[in-house]
Each structure stands twice: as structure tokens, then as C-alpha cells.
Amino acid sequence: MEKPVESDRISNLPWDVLNSILMHLPLRDAARTSLLSRTWKYKWTNLSQFVIDDKCFPNSLPDKARWGEVRRIFNHVRSNHSGPIEKFKLAAYCYPDHSDLDEWIIFLTFNGIKELILQDFSVIRRFKLPPCLFSCPQLICLELHGCIFKLPTTFGGFNCLKSLTLTQVSIISETLERLIHSCPILERLTLLNIDHLAILRIHNQNLKYLKVDSEFEDISLESCPLLASVDIHMIPMDGRTVPRKLEKGNPSNLIRVLGCLHGIKKLSLSSDFIKVVYSNQACRRVLGFLKEQSRYDFFFSQLKVVRIRGLHGTKPEWEFLKLILAHSPVLETLTIVKYETGRLRESLLLDVERASENLKIMSLTL
């Protein structure tokens, strides 16, 4: 008697189960399932998530040749896909063809994209985003790299967006302010090496995490009551370390930020951000502000980690450290990264009033 042929149980699984299995494979391996049988030929093209990274290419394939492989993936998916695409991530060193990328983004916007992540191109040539991207109300995560960011006049906001990352993006201050304000449930904001960013104004009631590592002249944080983690690395613009134009009554970046960080848990600042060198009068006002705040009965009641990079040992820096130490009752770690020629001596910190009994101070030298 002939042995009965076993049924193909995997092929007969519901699509949501197969989709979950294939999504846990690197895309290159998921695509190889097309060789299993005629039934499997196009299953990988119907995935709800696509991640194109360096694992998708042979090690010997040069960056300039990689885009041909990316285009081939695009064409296969566009020709055979049915159903939603909830996540797309392109994180591979390559030389993108902007017309291909434009068509792909348009395709994604019509297929329910929720997470769009573009990272790490080998060459940055600014490309314009298609207007339809700004009509994706279901977007939850948006990460863009090397594009020109202009909001259409019809932009009504990203009402579901929780995470926004912009890297080497060209965007003016007014556009960025409008964008942030138009994301009512935004929780995480990361800005890295932004072009044309003069004044950074961030107003968002729901924001919890902020990281800025970029050139800018001035910053304003208002109406951000939930901010718990702030990391600001200010890169001076054209050699300047201070704002060109100061808002009336506020001579320092430090003043603008400190008053808005009542719920802060982790704080990291660069020395250029808190340094004041533009006039004796402004310096006196900053010192007066810090000393006055030290007398108030207020506390950074949740602040546990502080890191300050590139200290010189100026009076405003010293007063800032005293303020943090005296008003942070649960502070666990203070890390100071100072310049070798700086005037700040660690021994002085031993005599400063501390609100925290379990504080560890670490000092590093650049």
C-alpha cells in the first residue's frame, strides 16, 4: 500500500498567522519562501510590515548597486500586494532614486501606513516629500532622513502620531513649530542635524521625550508639562554660542527651559546651551535668576539623572549645578564632562548643599 501524502499544514494556516511568522524573518529570508511552491511565490509580497536593511543585500554588493535591489522589491510588492502595509523601514546604506522613493511613499499612503521610517542613506540629496504623506491620519511613527519638509496649506495635523524623528532634514522654524503643535498626542521628538533651524519653539501638552542635537540659536519650551527626558546638545551656528535675537526679558536659553521641567526625570545639556558670554548685564541677570530660584521652595521631584557636557567652570554653570543639587531630592547620578582647561574643581561640589542623600557624582575630562 502507498503511504498517504501528508497535507501542507503550514500553507493552510490563516494569513494572519503566516504574516506573523514571516514578519519575524529578515525580509531576504521571507522572500526566499517564494521558491517553496507556486502557492508561496507571492506570499511575502503581502506582508503588513517591510524592513529593508543591510541584511537584505550580499556583503559584496556596493552601495551604488543596492538601489537596484530596493527597486526590485518595490516593484514586486506594488505588483502583487493586497491588504494594508502598516510599517515600512528603509535603513540601508544606498544611493536612493528619489522618483522611486516618491512613488513608493505614495503607494504606502494609500495602503494604510502607520509607521514610516527612512534612515541612513549613503548620500544626502534633499528630496521633496509627496503632499499625500500629510494626509495620513493613521500615522503613529514618522522618521525621516535627508528630505525637504514643507507642510501643505491643507495640513490638518497628525492626530495619531506618537513618535517623530527628523535627521538631516531641511525645515524652517515656523514649519517645525506648526508641525509639533499639530500632533496632539506626540510623546517622543528627536531632532538631529536640522538645516535652517534658527529658533526652536516646542509647545506640546503630551510630549514626554525630547532630544535635540543640532545647530540652533534659541529655544523655547512652553506648555510641555509631561516632559520627563530632555537631551539638548546645542551646536553653535556660524561660530556663535548665543542667540542673535533675544526675546524681551529672557536673556538665557537656560531660563526658558528650566521653568518648564517640573516633571523631569533625566536631563542632559551641553555647555554651549547654558553658557552666557554676550554681555556683563545679561550674565548678571542669569546669575540673579539662578540664585533667586535657589531660594524658592520648589523641587525637581522626579529628576534622577543629570549629564552636562563640556563645562568650562563659568559662574552661570556653577550656579546651575548648585541649583540642581539643592532642589533634586531623588537625584541618583550627576555626570560632569568638563574641558581639561576648565576651572571647575570637583572638590567644591563636596561642600554644596544636596537634597539627595544617595547621589553619585562622576567627573570626566574631555
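What counts, and at which threshold
Residues numbered from 1 in each chain as written. Predicted model: local features only at pLDDT ≥ 70, side-chain atom pairs only at ≥ 80, totals over all residues. Heavy atoms only, no water. Phe/Tyr/Trp six-rings, centres within 6.5 Å; stacked < 30°, edge-to-face > 60°. Helix = DSSP H or I, 4+ residues; strand = E, 2+ residues; numbered from the N terminus. Buried < 20%, exposed > 50% of the residue type's maximum accessible area, 1.4 Å probe, protein only. Lys NZ or Arg CZ within 6 Å of the ring centre and 35° of its normal. 1 Å grid on protein atoms, 1.4 Å probe; cavity = no way out; pocket = protein on both sides within 12 Å on 5 of 7 lines; lining within 4 Å. Points joined across faces, edges and corners; volume = space filled by probe spheres on them. Nonpolar A, V, L, I, M, F, W, Y, C, P; charged D, E, K, R; others polar. Pairing = 2+ DSSP bridges. Axes fitted to C-alpha atoms, helices over the stretch in contact; angles between N-to-C directions. Parallel < 35°, antiparallel > 145°, perpendicular 65-115°, else oblique. Left-handed = near helix turned anticlockwise from the far one by under 90°. Contact = heavy atoms within 4.5 Å.

Novice: Looking at this model, I keep getting lost on the packing of aromatic side chains. Mind explaining?
Specialist: By convention here, two paired aromatic rings are described through the distance between centres and the angle between planes. Counted under the stated rule, the structure contains nine aromatic pairs. With centroids separated by 5.3 Å and ring planes inclined at 65°, the aromatic side chains of Phe88 and Trp104 adopt a geometry described as edge-to-face. Residue Phe88 is located in strand S2 (residues 87–91), and its partner Trp104 is located in helix H4 (residues 98–109); the two are separated by 16 residues in the primary sequence. Consider the rings of Phe134 and Phe158, whose centres lie 6.3 Å apart with planes at 25°: the pair is stacked. Taken as a pair, Phe134 in the loop between strand S4 (127–128) and strand S5 (141–145) and Phe158 in the loop between strand S6 (147–148) and strand S7 (163–167) lie far apart in primary sequence, 24 residues in all. Of the two residues, Phe134 and Phe158, neither departs from the other in class, the shared state being buried. Members of the aromatic cluster, joined through ring pairs, are Trp67, Phe74, Phe88, Trp104 and Phe107. Just above the ring of Trp40 sits the side chain of Lys43; from NZ or CZ to the centre is 5.7 Å.

Novice: In this structure, what is going on with the layout of surface pockets? I would like to understand it.
Specialist: Over the atoms rolls a probe the size of a water molecule, and its path tells where empty space is left. What the largest pocket holds in volume is close to 310 Å³. Considering the residues around the largest pocket, the lining is formed by 14 residues, among which Arg28, Ala31, Trp44, Arg72 and Ile73 are closest to the centre. Breaking the lining of the largest pocket down by element, the ones donating at least two residues are helix H2 (27–32) and helix H3 (63–80). The residue inventory of the lining of the largest pocket, partitioned by class, reads eight nonpolar, one polar and five charged.

Novice: In this structure, what is going on with the sheet that holds strand S1 (residues 49–53)? I would like to understand it.
Specialist: An order of S1-S2-S3-S5-S7-S8-S10-S12-S13-S14-S15-S16 is seen for the twelve strands of this open sheet, with the pairing classed as parallel. The two strands at the open ends of the sheet, each matched to only one other strand, are S1 and strand S16 (360–365). When strand polarity is set aside, the average angle formed by the axes of neighbouring strands in this sheet is 5°. Where strand S8 (residues 188–192) and strand S10 (residues 209–215) come together, five bridges link them in parallel fashion. Residue pairing in the sheet places Leu189 in a bridge with Leu210 of S10.

Novice: Looking at this model, I keep getting lost on the pairing of strand S9 (residues 199–203). Mind explaining?
Specialist: It is a general feature of regular strands that their side chains alternate between the two faces of the sheet. By the alternation rule, side chains of S9 split into Leu200 and Ile202, which are all buried, and Ile199, Arg201 and His203, of which none is buried. Note: S9 against strand S11 (residues 218–222), five bridges, orientation parallel. Pairing of His203 across the sheet is with Glu222, part of S11.

Novice: Help me understand the packing of H3 against H4, please; the structure alone is not making it clear to me.
Specialist: Direction vectors running N to C along H3 and H4 enclose 30°, while the axes themselves pass 11 Å from each other. The orientation of H3 relative to H4 falls into the category roughly parallel. Considering the relative orientation of H3 and H4, their crossing is left-handed. Along its contact with H3, which presents Trp67, Arg71, Phe74, Val77 and Arg78, the element H4 presents Asp100, Leu101, Glu103, Trp104 and Phe107.

Novice: What exactly am I supposed to notice about the pairing of S10 here?
Specialist: Relative to strand S12 (residues 229–235), S10 is paired through seven bridges, and the arrangement is parallel. Across the sheet, Glu215 pairs through a bridge with Ile235, a residue of S12.

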